[in-house]
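Each chain, written out:
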Amino acid sequence: MTLDTEALATFLRDNGIAVVGELRADRISGGRSNLTYRVDDDRSSWIVRRPPTSGLTPSAHDMAREWAVTSALQSTDVPVAGTVAFDPDGRVLGAPMTVVEFVPGRVVRTAEDLGELTDTEVAATATELVRVLAALHAVDHRAIGLGEFGRPDGFVARQVATWGRQWQRVKTRDLADVDRLQSVLAESVPARSDAAIVHGDFRVDNVILDPSDAGRVAAVVDWEMSTLGDPITDVALLCAYRRPIFDTVLGVPAAAWTSSRYPSADALAEEYAVVSGRDLGDWPFYLALANFKIAVIAEGITHRALADGGADDSATTAAEATAEFAAAGLQALAGVSR
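Residues numbered from 1 in each chain as written. Predicted model: local features only at pLDDT ≥ 70, side-chain atom pairs only at ≥ 80, totals over all residues. Heavy atoms only, no water.

An unreviewed UniProt entry annotates the chain as Phosphotransferase family protein originating from Rhodococcoides corynebacterioides.

A.B. asks: Would you explain the environment of Leu250 in this entry?
C.D. replies: Structurally, the position occupied by Leu250 is in helix H8 (residues 246-250). Through-space distance from the C-alpha of Leu250 to that of Leu330 is 22 Å; in sequence the pair is 80 residues apart. (Helix = DSSP H or I, 4+ residues; strand = E, 2+ residues; numbered from the N terminus.)

A.B. asks: Would you explain the environment of Ala9 in this entry?
C.D. replies: When you line up the elements, Ala9 lands in helix H1 (residues 5-14). Each C-alpha atom of the pair Ala9 and Leu23 lies 6.8 Å from the other, and the pair is 14 residues apart in sequence. Excluding residues that lie within four positions of it along the chain, Ala9 makes contacts with Val19 and Leu23. (Contact = heavy atoms within 4.5 Å.)

A.B. asks: I'm lost on the pairing of strand E7 (residues 207-210) in this one. Help?
C.D. replies: With four bridges connecting them, E7 and strand E8 (residues 213-220) associate as antiparallel partners. The residue of E8 that forms the bridge with Val207 is Val220. Linking E7 to E8, which pair antiparallel, is a turn of two residues. (Pairing = 2+ DSSP bridges.)

A.B. asks: How should the sheet that holds strand E4 (residues 83-87) be read in this particular structure?
C.D. replies: Two strands in a sheet stick together by hydrogen bonds in their backbones, pointing the same way (parallel) or opposite ways (antiparallel). Strand order in the open sheet made by the five strands is E1-E2-E3-E5-E4, with antiparallel pairing throughout. This sheet does not close on itself; its edge strands, each paired only once, are strand E1 (24-27) and E4. Averaged over all pairs of adjacent strands, the angle between strand axes in this sheet comes to 20 degrees, irrespective of strand direction. Alignment of E1 against strand E2 (residues 35-40), held across four bridges, turns out to be antiparallel. Within E2, the residue paired with Arg24 across the bridge is Asp40. Sheet strands touched by H1: E1, E2, strand E3 (45-50), E4 and strand E5 (97-101). Its angle to E5, the strand with the most contacts, is close to 70 degrees. Here helix H2 (residues 63-72) sits on the sheet in contact with E3, E4 and E5, set at roughly 155 degrees to E4. (Axes fitted to C-alpha atoms, helices over the stretch in contact; angles between N-to-C directions.)

A.B. asks: I keep staring at the packing of helix H6 (residues 176-187) against helix H12 (residues 322-333) and nothing clicks. Help me out?
C.D. replies: Think of two packed helices as two axes; the pair is described by the angle between the axes and how far apart they sit. The geometry of H6 relative to H12 is characterised by a closest axis approach of 9 Å and an angle of 35 degrees between their N-to-C directions. You can see that H6 and H12 cross each other, and the crossing is left-handed. Here H6 contributes Asp177, Val178, Arg180, Leu181, Val184 and Leu185 to the contact with H12, which in turn contributes Thr322, Ala326, Ala327, Gly329, Leu330 and Leu333. When its residues are assigned to classes, the contact of H6 with H12 shows eight nonpolar, two polar and two charged. (Left-handed = near helix turned anticlockwise from the far one by under 90°. Nonpolar A, V, L, I, M, F, W, Y, C, P; charged D, E, K, R; others polar.)

A.B. asks: It is not clear to me how unusual backbone geometry should be interpreted in this structure. Could you clarify?
C.D. replies: Where the residue is not glycine, phi is negative for most of them; where a peptide bond is considered, it is trans in most cases. Backbone geometry at Asp222 places phi at a positive 60 degrees, although glycine is not the residue there. By secondary structure assignment, the location of Asp222 is in the loop between E8 and strand E9 (227-229).

A.B. asks: Just checking my understanding: could you explain the side chain of Arg49 for this structure?
C.D. replies: Looking at the secondary structure, you find Arg49 in strand E3. Here Arg49 falls in the buried class, since its relative accessible area comes to 6%. Among the polar contacts listed, one links the side chain of Arg49 to the side chain of Thr36, at a separation of 2.9 Å. One polar contact links Arg49 to Glu66, side chain to side chain, over a distance of 2.8 Å. (Buried < 20%, exposed > 50% of the residue type's maximum accessible area, 1.4 Å probe, protein only. Polar contact = N/O pair within 3.5 Å; in protein donor to acceptor, adjacent residues only side chain to side chain.)

A.B. asks: It is not clear to me how the nonpolar core should be interpreted in this structure. Could you clarify?
C.D. replies: Nonpolar side chains in soluble globular proteins tend to be buried together. Core analysis: the biggest nonpolar cluster contains 84 residues, and Leu73, Ile197 and Trp283 have the highest contact counts within it. Per-element tally for this core: the top contributor is helix H10 (residues 283-307), with 14 residues. Beyond its immediate sequence surroundings of up to four residues, Ile197 is in contact with Val69, Leu73, Leu136, His137, Val139, His141, Ile144, Leu146, Thr227, Leu228 and Asp234. In terms of nonpolar packing, the next biggest core, distinct from the first, is built from 17 residues, Leu8, Tyr37, Trp46 and Leu93 among them. (Core = buried A, V, L, I, M, F, W, Y, C linked by side-chain atoms within 4.5 Å.)

Structure representation (structure tokens):
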């Protein structure tokens, strides 16, 4: 999908942003999330993000949410791109849009990208990811103006219900394991949980690494799933994403984050517990919930691709991962795996 650069240039100027020469826009490939473009003039570079053209869900592509959290985090130690301008009504591109500063660096998305890093750098990247996630969860959300960013009370129970409803919207067939997993999760919600800013989709390909130091995150990106909620849900997703079949969900033959060069899911969880000082006592539940969420996401990617006429062949096969993630969720609850 092309970007209306003339309309964007007018929007930037109206927001006090100098535009030197004509704008040039290139879509950044990778991922199944919001459409992302690098936009350049003769002097500056920006990143423009907007939702996809179809398959929208109530919150999965929420640009206002992304804008609110990245704006608030500017004053913290959590690395994010500088915010530039926001079109909440979609008047410029026909859909809500955020504009942020372009952050130079490395995005490690594929095994080929990972191959450019030494084992020492890979280990340093994993350590830094855990550190940054713990730092995010340590931010005082009220102090930075995010006290009303979400409803942390009852967050986990709502997650089970929300993703269950999403399953009903996007399923391309009936899968008993998915229904059973939702039912068991609903019966196993922990009695209490902490409240923090959660990213909702944290892993190595959703950060930009410093171009000269793989052990430093220059910016965390893709914040549209962020909210106030239970921080352990972020950790569980980070770990569940390590399952090799997640490659199918991402639509790449070999994703970086599923590589065996990174620490195991158990090792990541244990390191987070040490760095953050948080208790992972209900870990089987959280890991099961993470697998449930990814199962539904995988199905949703295929659902959207079929609605679009299957333009992206890899997207039509993403649902092949649904059954495995559902089974992994049931195994986690049964204490078979962690």
